[in-house]
Amino acid sequence: MDFSIHPHDGSTCPHDDDKMHEECGVVGLWNHPDAAAVTALGLHALQHRGQESTGMVTHDGTRFHSHRGMGLVGDNYGDERVIRSLAGSRAVGHNRYATTGDTVLRNVQPLYADFEFGGLAVAHNGNLTNAVALRRALVRRGCLFQSTTDSEVFIHLIAISLYSTVVDRLIDALKQVIGAYALIALTENALIGVRDPLGVRPLILGQVKHADGAHSWVLTSETCALDIIGADFVRDVEPGEIIVIDDAGLRSIKPFPRTASRFCVFEYIYFARPDSVMEGMPVYDARKRIGVQLARESHVDADVIVPVPDSGVPSAMGYSVESGIPFELGIIRNHYVGRTFIEPTDSIRHLGVKLKHSANRATLAGKRVILVDDSIVRGTTSRKIVEMVRAAGAAEVHMRISSPPTTHSCFYGIDTPERGKLLAANHSIEQMAALIGADSLAFISRDGLYRALGHDGRNPDRPQYCDACFTGEYPIPLPDMADGDGRQLSLLTETT
Ligand code: SF4
């Protein structure tokens with residue numbers, strides 16, 4: 001994630017399509033004869049978690065090898081020569097989605113550095129909320145930063161630690177950082193996975209069994225990355241847990257006091273791939289149940305339920321099942337729109353909607369339509385979609401959203417606009433309905449969301465998820481922020 005941890009103001013984002021975005025996906029592999037090719041496959045499955053750049057570092061028992069490039073996984077690892085150059089049976093890979101316009105090769109992860117104990121490559125998903133303060137202190141001590149990513153703080157904290165082993169140095173570094181993170185590190189002797197103490201960002205452990213009885217270990221963000229490489233899911237890495245895999249096997253270290261976990265609830269709503277299982281719950285099932293609950297809470301008479309594809313599809317199916325109103329594909333998504341088509345300025349951002357979605361007139365004309373989407377961020381996309389559905393002849397357009405109103409920015413590794421640009425932060429639901437041009441608008445309640453995910457509503461004494469973007473209740477402190485509403489105290493120079 002970028003070092004500039006403030007939510008962007010929308011003016012520099014090169015690829016905004018009015019959605020919150022996951023910012024990174026990580027894969028680590030230990031003891032696999034085709035480590036580079038298999039890691040590339042895992043990264044391909046995690047493409048939805050980051051499309052700006054991708055990188056991989058491998059180790060062949062003697063030397064590290066690396067490849068970093070801008071663009072998609074397929075653009076970078078489709079060339080067999082690249083895969084062959086990434087020799088070795090151990091690998092760590094990373095997909096990145098940048099928040100600011102300064103995506104440059106030096107920010108592409110995994111980051112790599114040589115230490116007195118040898119080389120270390122680090123891939124990070126998440127965001128450190130005290131990175132600015134830490135970086136300032138480290139620069140004062142003479143550390144020279146090579147990138148503008150907050151993840152580099154880990155490298156310097158490990159470098160200056162007085163402990164002797166890599167793992168002790170890493171623990172020392174982890175005890176100084178505050179934030180949300182899933183980390184995978186590759187050293188000359190070990191693959192290490194770490195999840196932040198509240199488990200906000202996901203990290204799982206898997207295993208590939210080989211015909212000769214040998215096995216490989218996999219660490220990654222989502223189970224869909226295990227499926228593509230034929231690995232079995234072993235378990236979630238626990239919040240605050242460090243997993244060290246080396247020639248002696250696998251060991252678990254828990255250096256933090258145990259606290260209630262706060263997994264990111266938006267992973268269920270939108271970020272994770274629907275075929276993944278997160279914290280024991282299939283994402284597809286969760287989304288359908290959210291749609292069922294949404295229908296219970298926000299019934300309106302209508303003729304068709306239409307999802308805003310692709311992410312609104314499972315919730316719309318749940319809504320349809322519960323309401324008995326037929327499900328129709330009234331909006332068709334063009335999957336072949338290049339991201340560069342979507343211009344970064346407010347004045348023409350809406351054009352991206354027309355490129356990406358088109359109305360299926362046959363299912364909409366003369367109908368009372370319930371549109372189901374996963375969230376409203378700025379509202380620009382919703383407005384254009386409602387307009388498009390009306391232009392296709394819909395008699396009424398009702399918008400139903402499978403998340404509570406997004407009123408606050410995320411500082412834990414998700415790309416969100418600053419609070420002032422979030423429609424729900426500054427408008428009532430009636431005002432929002434008018435602005436997007438819908439006949440009615442409703443969001444799932446926060447309590448209903450928890451119910452859909454198998455809890456008895458949200459119990460304030462026992463919160464189970466991070467839901468700060470709906471509540472403003474940030475479970476991890478934000479020391480780098482002036483006031484937690486989206487403005488940052490200060491920024492170190494961003495250069496390209
Ligand atoms: S603030 Fe929202 S998007 Fe960010 S980690 Fe929490 S629930 Fe997820």
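Scroll up to find the structure.
Residues numbered from 1 in each chain as written. Predicted model: local features only at pLDDT ≥ 70, side-chain atom pairs only at ≥ 80, totals over all residues. Heavy atoms only, no water.

Draft legend 1. Geometry of unusual backbone geometry. With an omega of 5°, the peptide bond between Gln109 and Pro110 qualifies as cis. The amide bond that connects Pro309 to the next residue, Asp310, takes the cis arrangement and shows omega of 0°. Looking at the secondary structure, you find Asp310 in the loop between β18 (304-307) and α10 (313-323). A positive phi angle is found at Asn31, which is not glycine, with a value near 70°. Note that Asn31 resides in the loop between β2 (24-30) and α1 (35-45). One non-glycine residue, Glu279, lies in positive phi territory at about 50°. Mapped onto the elements, Glu279 comes out in the loop between β16 (277-278) and β17 (281-282). Of the residues examined, Glu279 reaches a relative accessible area of 31% and is grouped as partly exposed. (Helix = DSSP H or I, 4+ residues; strand = E, 2+ residues; numbered from the N terminus. Buried < 20%, exposed > 50% of the residue type's maximum accessible area, 1.4 Å probe, protein only.)

Draft legend 2. Focus on helix α14 (residues 380-391). End to end, α14 covers 17 Å across 12 residues, agreeing with the expected 16 Å (1.5 Å per residue, within 8%). Turning to α14, its buried residues are Thr380, Thr381, Ser382, Lys384, Ile385, Val386, Met388 and Val389. Gly393 sits one or two residues past α14 and shows a positive phi near 105°. (Expected span 1.5 Å × (residues − 1).)

Draft legend 3. Highlighting the site of the ligand. Every one of the 14 residues lining the ligand counts as a neighbour, but Cys264, Cys410, Ile414, Cys466 and Cys469 are closest to it. Here the ligand occupies the largest cavity. Looking at the shell around the ligand, the elements with two or more residues in it are α8 (266-271) and α18 (468-471). Class assignment for the residues of the shell around the ligand results in 12 nonpolar, no polar and 2 charged. (Near = heavy atom within 4 Å. 1 Å grid on protein atoms, 1.4 Å probe; cavity = no way out; pocket = protein on both sides within 12 Å on 5 of 7 lines; lining within 4 Å. Sits in = over half its atoms within 2 Å of the grid points. Nonpolar A, V, L, I, M, F, W, Y, C, P; charged D, E, K, R; others polar.)

Draft legend 4. Spatial organisation of the pairing of strand β5 (residues 90-96). The buried fraction of β5 is high, at 7 of 7 residues. A two-sided burial pattern is seen for β5, the buried positions comprising Arg90, Val92, His94 and Arg96 on one face and Ala91, Gly93 and Asn95 on the other. Where strand β3 (residues 53-59) lies against β5, 7 bridges are found, and the strand directions are antiparallel. Counterpart to Thr58 in the pairing with β5 is Ala91. (Pairing = 2+ DSSP bridges.)

Draft legend 5. Molecular detail of the sheet that holds strand β22 (residues 396-401). Overall, parallel pairing links the 4 strands, which are arranged β18-β21-β22-β24 in an open sheet. The open sheet has two edge strands, β18 and β24 (440-443), and neither has a second partner. Direction aside, neighbouring strands of the sheet carry axes that sit 20° apart on average. Where strand β21 (residues 368-373) and β22 come together, 6 bridges link them in parallel fashion. Each residue of the ladder has a partner; that of Asp373, found in β22, is Ile401. Against the sheet, α10 contacts β18, β21 and β22, and its axis sits at roughly 165° relative to β18. Relative to the sheet, α14 contacts β21 and β22, its axis offset from that of β22 by approximately 150°. (Axes fitted to C-alpha atoms, helices over the stretch in contact; angles between N-to-C directions. Contact = heavy atoms within 4.5 Å.)

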